[in-house]
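# Residue-level structural notes
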Amino acid sequence: MTADTSHSTFIQPESFDVTIWRYMDFSKFMSLIESRSLYFARSDLLGDPFEGSFPSRSIDALPRRFSDMDPIDGQAKLTASDVMAISAFLRRTFKASRKFTFVNCWHMNTHESAAMWKLYSSSNETIAIKSTFAKLVDVLPENVLVGCVKYIDYSVASLQTDNMVWPYFHKRLSFSHEKEVRALICDITLLPRENDEYHEPGRSVGIDLHRLIEKVYVSPNSPSWFQDLTERILSRYH
């Protein structure tokens, strides 16, 4: 049971032993502990309207990609109408992919991050899990893709459109502070038909918490009672 790190669409860290963190509120921490699973949110519900989208240059280049194709097995070259129909279909499919792509996010950093505590805490009752890239890969099944997010300037960048996974491992430069490691499930079997809605908000993937978690931290601003509560909970589920 090992996640896939070989996919050509994403970057791997220099060392698989690099430290990663997952910051969360107390309710999500309890869900993790009780269910012994990682939650993968549906990508269109992550709050970023550009999540999973190709740069405009990539989309604009779709017609040229197909009009330049050589005929296959003696078939006639694609007509202009064929090219436009295929390009329109792909644009719809790329957009629809957000509903069957599920994401679990981590922060890659040697130390705790004050910025991440602030970003992910609506209160001082917040928890961070410390692990490594290698351990995350080890506990996840092979249908999960794991890699580092690359931050690019979407106004000038272009991504290959030969694989729908590409944009899910690329984000805008404004998110570069996240230093994100991303685990991803792309379930093509859920590809919606036109005008259909797909409502599964996320997926839980069972894991071995003892193999994943190195240490649990509470927010540096949390009250002493919250730290005591967290320690009692951890001892109960150990």
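The structure we're discussing is the one just above.
Residues numbered from 1 in each chain as written. Predicted model: local features only at pLDDT ≥ 70, side-chain atom pairs only at ≥ 80, totals over all residues. Heavy atoms only, no water.

## Looking at the environment of Lys118
- Mapped onto the elements, Lys118 comes out in helix α5 (residues 114-120).
- Lys118 gets classed as exposed once you look at its relative accessible area, which sits at 71%.
- Put simply, Lys118 and Gln12 are 106 residues apart on the chain and 27 Å apart in space, counted from C-alpha to C-alpha. (Helix = DSSP H or I, 4+ residues; strand = E, 2+ residues; numbered from the N terminus. Buried < 20%, exposed > 50% of the residue type's maximum accessible area, 1.4 Å probe, protein only.)

## Topic: the environment of Val149
- The topology assignment puts Val149 in the loop between β5 (145-148) and β6 (150-152).
- A residue is classified by how much of its surface remains accessible, and Val149, at 8% relative accessible area, is buried.
- Expressed as a C-alpha distance, the spacing of Val149 and Leu209, which sit 60 residues apart in the sequence, is 24 Å.
- Dropping the residues within four chain positions of it, Val149 is found in contact with Phe169, His170, Lys171, Glu180 and Arg182. (Contact = heavy atoms within 4.5 Å.)

## Thoughts on the nonpolar core
- Ranked by size, the top nonpolar core spans 46 residues in total, and within it Leu38, Phe40, Leu136, Leu140 and Val146 carry the most contacts.
- Setting aside chain neighbours within four positions, we find Phe40 in contact with Phe102, Val103, Asn104, Leu140, Val144, Ala183, Leu184, Ile185, Gly202, Arg203 and Val205.
- One finds Phe10, Val103, Leu145 and Phe169 within the second-largest nonpolar core, a separate group that totals 7 residues. (Core = buried A, V, L, I, M, F, W, Y, C linked by side-chain atoms within 4.5 Å.)

## Topic: helix α1 (residues 26-35)
- Every buried residue belonging to α1 is among Phe29, Met30, Leu32 and Ile33, and all of these are buried. The arc that holds every buried residue of α1, seen down its axis, measures 160°, which confines them to one face. Projecting away from the buried face of α1 at angles above 90 degrees are the exposed residues Lys28 and Glu34.
- Against the buried residues of α1 lie β1 (19-25), β2 (37-42), β4 (126-132), α7 (209-212), β10 (215-218) and α8 (224-237). (Arc of directions from axis to C-beta.)

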